[in-house]
Amino acid sequence: MLAGWEIACSRLAIPPYLLPPPSAIWTALLQGWPLLLASAWGTLSTALLALVMASVLACALAFAVSLSPLMEDAVRPIAVTLQVTPLVAIAPLVTIWAGIDHPERAVIGLAAVVAFFPIFSGALTGLKAVDPDLSRLFDLYGATSFQRLLRLRLPSAVPALLEGHKVASGLAVIGAVVAEFVAGSGGAQGLAWRILEAYNRLQTARVFAALLALALLGVALHALMEWAERRLLIWWRGR
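Quick look at the structure, then. (Residues numbered from 1 in each chain as written. Predicted model: local features only at pLDDT ≥ 70, side-chain atom pairs only at ≥ 80, totals over all residues. Heavy atoms only, no water.)

**Details of the pattern of salt bridges**
Here is step 1: In this structure the tally under the stated criterion is eight salt bridges.
Here is step 2: In this structure, Glu-72 engages Arg-76 in a salt bridge whose closest nitrogen and oxygen atoms are separated by 3.6 Å. Separated by four residues within a single helix, Glu-72 and Arg-76 lie in helix H3 (residues 69-84), roughly one turn from each other.
Here is step 3: In this structure, Asp-133 and Arg-136 form a salt bridge, with 2.4 Å as the shortest nitrogen-oxygen distance. With Asp-133 and Arg-136 both in helix H6 (residues 132-140) and three residues apart, the pair spans about one turn of that helix.
Here is step 4: Connected through salt bridges with shared partners, the residues Glu-163, Lys-166, Glu-226 and Glu-229 form a single ionic network. (Salt bridge = Lys/Arg side-chain N within 4 Å of Asp/Glu carboxyl O. Helix = DSSP H or I, 4+ residues; strand = E, 2+ residues; numbered from the N terminus.)

Here you go:
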């Protein structure tokens, strides 16, 4: 595919600003790798902070909701509404609330919004997916709601929690990049900022180089979460 791309750009005389050949993209990557590496770390740190924030809020809310069907009926529609609302629609509000002088706060907040729902949904589904026989055993022994949550629902929710975090990790990276596009500024110089900078200068090879760095970042983070999921599931099943 890369060879065909290179030959097509050469034979058809495609302008580099329209579609650069792979060799030009590789050159741009080699020339700009220190800046791209720093920007990739900025995007990754934003995504990880957003993931931690979303995890804490989503898990705490899921635990509280699982104890009350009435609270679940009240909270779930709000969570779904927040999930289906486009990020660009709420970005101006979040930017105002975070402070115009602190765009990084808005970017982290918006990325956390994107990562929130998979964790919340996975946690709530796992907390409710308990073995009926074990549930009746807890009824027999007169277990309290807190004992059910700690000793029955939480252990049974581990696989769903891990899957929700794995999905949310990828969405956190996407959310961080989109948030940088719609709410970032020169104060939040992640990979999205490099893409915008190169686009405004019609340096298409640098745009592709930043996209390649972003793809590698997403693949590495997903692989790390898969490894952590496998290790934790092995521990959980063997305990």
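**Re the environment of Ala-106**
Here is step 1: As for its position among the elements, Ala-106 is in helix H5 (residues 103-128).
Here is step 2: Look at Ala-106 and you get buried, because its relative accessible area is 0%. (Buried < 20%, exposed > 50% of the residue type's maximum accessible area, 1.4 Å probe, protein only.)

**Considerations on the nonpolar core**
Here is step 1: Residues Leu-36, Ala-54, Ala-62, Phe-116, Ile-119, Phe-120 and Leu-191 are the most contacted members of the largest nonpolar core, which totals 46 residues.
Here is step 2: When contributions to this core are tallied by element, the ones reaching two or more residues are helix H2 (22-66), H3, H5, helix H8 (158-183), helix H9 (191-200) and helix H10 (204-238).
Here is step 3: Of all the elements, H2 adds the most residues to this core, at 13 residues.
Here is step 4: Residues within four places of Ile-119 in sequence aside, it is in contact with Leu-51, Ala-54, Ser-55, Ala-58, Cys-59, Gly-164, His-165 and Ala-168.
Here is step 5: The next biggest cluster of nonpolar side chains, apart from the first, holds ten residues, and it includes Ala-91, Val-94, Ala-106 and Val-114. (Core = buried A, V, L, I, M, F, W, Y, C linked by side-chain atoms within 4.5 Å. Contact = heavy atoms within 4.5 Å.)

**Let's talk about the packing of aromatic side chains**
Here is step 1: Summed over all chains, the structure comprises two aromatic pairs.
Here is step 2: Measuring from ring centre to ring centre gives 5.6 Å for Phe-116 and Phe-120, while their planes differ by 10°; the resulting arrangement is stacked. Taken together, the residues span about one helical turn, with Phe-116 and Phe-120 both in helix H5 at a distance of four residues.
Here is step 3: Residue classification places Phe-120 among the buried residues on the basis of a relative accessible area of 1%. (Phe/Tyr/Trp six-rings, centres within 6.5 Å; stacked < 30°, edge-to-face > 60°.)

**Section: the side chain of Thr-43**
Here is step 1: Among the secondary structure elements, Thr-43 is positioned in helix H2.
Here is step 2: Judged by relative accessible area, Thr-43 falls into the buried class, the value being 0%.
Here is step 3: A distance of 2.9 Å separates a polar side-chain atom of Thr-43 from the backbone nitrogen of Leu-191.
Here is step 4: Beyond its immediate stretch of four places on either side in the chain, Thr-43 contacts Ala-176, Val-177, Glu-180, Gly-190, Leu-191 and Leu-217. (Polar contact = N/O pair within 3.5 Å; in protein donor to acceptor, adjacent residues only side chain to side chain.)

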